[in-house]
Amino acid sequence: MDTTQTLTGLLKRVAGEFPDNRAVSVSGKFDLTHSQLNELVEHAASRLVAAGIKPGDVVALTFPNTIEFVVMFLAVIRARATAAPLNAAYTDEEFEFYLSDSESKLLLTPQEGNASAQSAASKLNITHATALLPAADSKLAISLPESGINSVVNLDNEPGDVALFLHTSGTTSRPKGVPLTQLNLASSVRNIKSVYKLTDSDSTVIVLPLFHVHGLLAGLLSSLGAGAAVTLPATGRFSASTFWKDMVKYNATWYTAVPTIHQIILDRHLSNPEPVYPKLRFIRSCSASLAPSILERLENTFGAPVLEAYAMTEATHLMSSNPLPEDGPHKPGSVGKPVGQEMAILDVNGVAQEGNATGEVCIRGPNVTKGYKNNPEANKAGFQFGWFHTGDLGYLDSDGYLHLVGRIKELINRGGEKISPIEVDAVLLSHPEIAQAVAFGVPDDKYGEEINCAIIPRDGSKIDEAEVIRYCKKNLAAFKVPKKVFMTDSLPKTASGKIQRRIVSEHFLSQISAAQVPKFGA
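So, the confidence of the model for the protein
- For the protein, per-residue confidence averages 92 on the pLDDT scale, and 96% of positions sit at 70 or higher.
- Taken together, the stretch residues 513–522 has pLDDT below 50 and engages in 18 contacts with residues farther than four places along the chain or on a different chain.

Brief notes about the environment of lysine 498
- Checked against the element boundaries, lysine 498 lands in the loop between β25 (484–487) and α14 (501–511).
- With relative accessibility at 31%, the residue lysine 498 sits in the partly exposed group.
- Sequence-wise, lysine 498 and threonine 488 are ten residues apart; in three dimensions their C-alpha atoms are separated by 17 Å.
- Those residues in contact with lysine 498 that sit more than four places away from it in its chain are Ser287, Ala288, Pro492 and Lys493.

Regarding the pairing of strand β5 (residues 104–110)
- Most of β5 is tucked away, with six of its seven residues classed as buried.
- As paired elements, strand β3 (residues 58–61) and β5 share four bridges and run parallel to each other. Bridge pairing in β5 links alanine 60 to leucine 107.

Brief notes about unusual backbone geometry
- Positive phi, close to 50°, is recorded for lysine 197, a residue that is not glycine.
- Along the chain, the position of lysine 197 falls in the loop between α6 (182–196) and β10 (203–205).
- Note on lysine 197: relative accessible area 36%, which makes it partly exposed.

Looking at the nonpolar core
- By size, the foremost hydrophobic cluster in this structure holds 91 residues, and its most contacted members are Leu37, Ile67, Phe73 and Leu74.
- When residues in this core are grouped by element, the largest group, ten residues, is from helix α3 (residues 67–78).
- Other than its neighbours up to four places away in sequence, leucine 37 contacts Ala23, Val24, Leu32, Val70, Val71, Leu74 and Leu224.
- Membership of the second largest hydrophobic core comes to 44 residues, among which are Ala252, Phe302, Ala439 and Cys453.

Considerations on the pattern of salt bridges
- Counted by the stated rule, this structure contains 21 salt bridges.
- Between lysine 331 and aspartate 399 there is a salt bridge whose closest N-O contact spans 2.7 Å. Note that lysine 331 is positioned in the loop between β15 (317–321) and β16 (337–338) and aspartate 399 in the loop between β19 (388–396) and β20 (402–407), a separation of 68 residues in sequence.
- When its relative accessible area of 44% is taken as the criterion, aspartate 399 is described as partly exposed.
- In this structure, arginine 470 engages glutamate 467 in a salt bridge whose closest nitrogen and oxygen atoms are separated by 2.8 Å. Of this pair, arginine 470 and glutamate 467 both sit in helix α13 (residues 465–475), three residues apart, which is roughly one turn of that helix.
- Bridged by salt links that share partners, the residues Lys12, Glu42 and Arg78 form one connected network.

About the cut-offs
- Residues numbered from 1 in each chain as written.
- Predicted model: local features only at pLDDT ≥ 70, side-chain atom pairs only at ≥ 80, totals over all residues.
- Heavy atoms only, no water.
- pLDDT = per-residue confidence, 0-100.
- Contact = heavy atoms within 4.5 Å.
- Helix = DSSP H or I, 4+ residues; strand = E, 2+ residues; numbered from the N terminus.
- Buried < 20%, exposed > 50% of the residue type's maximum accessible area, 1.4 Å probe, protein only.
- Pairing = 2+ DSSP bridges.
- Core = buried A, V, L, I, M, F, W, Y, C linked by side-chain atoms within 4.5 Å.
- Salt bridge = Lys/Arg side-chain N within 4 Å of Asp/Glu carboxyl O.

Structure (structure tokens):
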């Protein structure tokens, strides 16, 4: 069997080619080589099989960004089981939903446990086990039965094995379960490696949570699949105060993040610059639209090309990306060219649109899920005409670069004029005194919908609503200018750092009659 058709086959080959290369570092603690990582994974996979985990069983993992998560995630899929990574910050009820919906057979946590996850697992009669790796040369301590360990040497991973089970973010409806196979993962890793030319000499620091497809695929797995190295923060979580120190110490050549984190990194530089910055090959941005003004600021500040990409869970992350400078221009405001899959812009009847004509972005390829779990309705809508429908509106320009207009459900229809909130966001974020901004639609008696926005001013700024509107009038057509501006000091975000436009809209609508400054919880 062609081992490159599975992620585990790719990683095994890498361990043979680059056995002594650094694979994973826990900042300030220890490093593991690719061969050490492979040994730990094989041993942990054997333990899982001995404990009764069978091919196709779902194993839930809830960890910070730690070495234990990396080893156990890879061990689960090596054992031909399905890994279901979950956000450690979920409530009891959320854990109960996700554990139940995924039909998990085992819950894995750090040694200190997770009370909410364990409470939900107990209610659902799901076994709980912990994992701990104290040092590079120590054995992984897993609280599973030791006896009768079955070796996984003779266990072959198949391209069709469901290796990863994630849920869509559920910002518009109940979260949908997305099964992703070994082939999906291997295809996505190959696509990411090829467009960014990742090799064994690359290194990155993990910024995003590994329970999310962006951090997991683009940060971790594509690096490991290239024989490259990743560094995990000492605390298991992103910290702006240690990020550049780790980037310098571990010779990082690139990093990937969401726009919100890029802004945090920029703000940190303005208020507390580092004595030295690493020379980066590129900076990658994905998971939400990056305003051209932020892109320009990042490039000018850190001296590296900023490549914006476009991705979804259903595509095992990457769908399109701006290329490296040697492979073509990168266009601010565009999410680049399709990578490793077919892409079409379709109208409502499934007819492909010519260049520069707007329609729904649709894709197909070996990285795309075959369908949602137990959701025939969503599958019927999402996989019409032989394509996966992303729910995003966009167009391909004459160079084949994709430009996103917005989510179909988030477009603002003001008296028949369709307004892209992304366009308004970009203008707001180009104001030097605005740190974060989001535009959204609200019901309106006269126009059906009207446009509002919420902004977080930069520290020390005296910007007010009048100045925001004046600036918008100067840079936007009159019908696109927000009619109301909310000043706030926080905005609701998903676990991956994406601003939740719908929740912003609902929140501020409820605040209109209240005489208080709207504020979200942390």
